Amino acid sequence: MVDGYQPLTDSQWQVMQPLLPVHGNRRLCLRQVLDAVRYVCRTGCQWRALPAGFPAWTAVYYYFRRWQPVVWARLNEALNRADRLAADRAATPSLVCVDSQSAKLAPRIFEHRGTDGGKHVNGRKRQIITDVEGRIFACYVHAANGHDGTAATQGLLPQRPAWGQRLVTVLTDNGYRGGFAAHLQALGLRHELASRPPSVRGFVPVAKRWVVERTFAWLACFRRLAVDYEFTPASHQAWLLIANSTMCLNRICPN
């Protein structure tokens, strides 16, 4: 994990540039736009507080919204594949882990808000799918009072994804039993439970599935994700993909 915000290096920009959409009559440098978005994600600053060295915040915000959800998802998937290949793995996973985390929602935002009674968190819940090394391949954000399995069936994995040709097994905790397990079976996937023993209290690393918990810990390093400041769940999902893309890019091109 790289500490603090760092602008794109030349080698990182060479990886990112072919993945970006080309618009006619574009005046802004997309490298500066990406740097500004990454700065907001890492530091958590308000859009209007972007430093003067970046393009106008209105222009950066325009691209951030325009690239939801297709471009950010495409960038994330491409960097996931490249990172896996660099680690001598197949481009797509055959086993993934699913888990959720409740996050506080900023005041004066009432859309898609709920209370997670188990975690005592008033806000939203983010669910992610990771491979066995913690890369996020899909995410879904909803009110915190939503049931994990129901929300995962409707928004996280409603159908076999494009990157799921090799996918065979999905690991979850007990919160995804029942309807979600039946849904996976209908998709031709195998569901496996991986939870801590009932007699054990506190955090215990669970084989294979602990990586999703580590990913949540990594996400805490991006201050825009420490608290959900977004009016729409789609914006929060975009920040999750941007954070994961940043981590993958730093591993592919550390310099």
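Draft legend 1. Highlighting the environment of L30. Assignment of secondary structure puts L30 in helix α2 (residues 30-43). The exposure class of L30 is buried, given its relative accessible area of 5%. With 33 residues separating them along the chain, L30 and Y63 place their C-alpha atoms 9.1 Å apart. Non-local contacts of L30, meaning those with residues more than four positions away in its chain, are made with W13, L20, P21, Y63 and W67.

Draft legend 2. Fine view of the nonpolar core. If you look at the biggest cluster of nonpolar residues, it comprises 45 residues, and the most contacted ones within it are L34, L50, F64, W67, W72, L219 and W239. Among the elements of the structure, α1 (10-16), α2, α3 (57-66), α4 (70-86), β1 (95-104), β4 (136-143), α7 (210-219) and α8 (233-252) are those that each provide at least two residues to this core. Looking at this core, the element that brings in the most residues is α8, giving nine residues. The residues touching W72, leaving out its near neighbours within four places in the chain, are L34, V37, F64, W67, A238, L241 and I242. In terms of nonpolar packing, the next biggest core, distinct from the first, is built from 15 residues, I129, L156, W163 and V170 among them.

Draft legend 3. Representation of α4 within the structure. The end-to-end C-alpha distance of α4 is 24 Å, a good match for the 24 Å that 17 residues give at a rise of 1.5 Å each. Buried within α4 are the following residues: V71, W72, L75, N76, L79, N80, D83 and R84. Following α4 by one or two positions, D88 adopts a phi angle in the positive range, close to 60°.

Draft legend 4. Representation of unusual backbone geometry within the structure. That bond from Q68 to P69 is cis: its omega, -20°, falls within 30 degrees of zero. Examined against the element boundaries, P69 turns out to sit in the loop between α3 and α4. Despite not being glycine, R108 shows a phi value in the positive range, around 65°. Take R108: it is sitting in the loop between β1 and β2 (114-116). Here R108 falls in the exposed class, since its relative accessible area comes to 76%. Here H120, not a glycine, exhibits a phi torsion of approximately 60°, which is positive. Structurally, the position occupied by H120 is in the loop between β2 and β3 (121-130).

Draft legend 5. Just the packing of aromatic side chains, in detail. Taken as a whole and judged by the stated rule, the model has 15 aromatic pairs. Residues Y62 and Y63 carry aromatic rings whose centres are separated by 5.3 Å and whose planes lie at 80° to one another, so their mutual orientation is edge-to-face. On the accessibility criterion, Y62 (41% relative accessible area) is partly exposed. Centre to centre, the rings of W67 and W72 are 5.3 Å apart; their planes meet at 70°, and the pair counts as edge-to-face. The buried category is assigned to W72, whose relative accessible area is 5%. Through a chain of ring-to-ring contacts, the aromatic side chains of W47, W57, Y61, Y62, Y63, F64, W67, W72 and W239 assemble into a single cluster.

What counts, and where the lines are drawn
Residues numbered from 1 in each chain as written. Predicted model: local features only at pLDDT ≥ 70, side-chain atom pairs only at ≥ 80, totals over all residues. Heavy atoms only, no water. Helix = DSSP H or I, 4+ residues; strand = E, 2+ residues; numbered from the N terminus. Buried < 20%, exposed > 50% of the residue type's maximum accessible area, 1.4 Å probe, protein only. Contact = heavy atoms within 4.5 Å. Core = buried A, V, L, I, M, F, W, Y, C linked by side-chain atoms within 4.5 Å. Expected span 1.5 Å × (residues − 1). Phe/Tyr/Trp six-rings, centres within 6.5 Å; stacked < 30°, edge-to-face > 60°.

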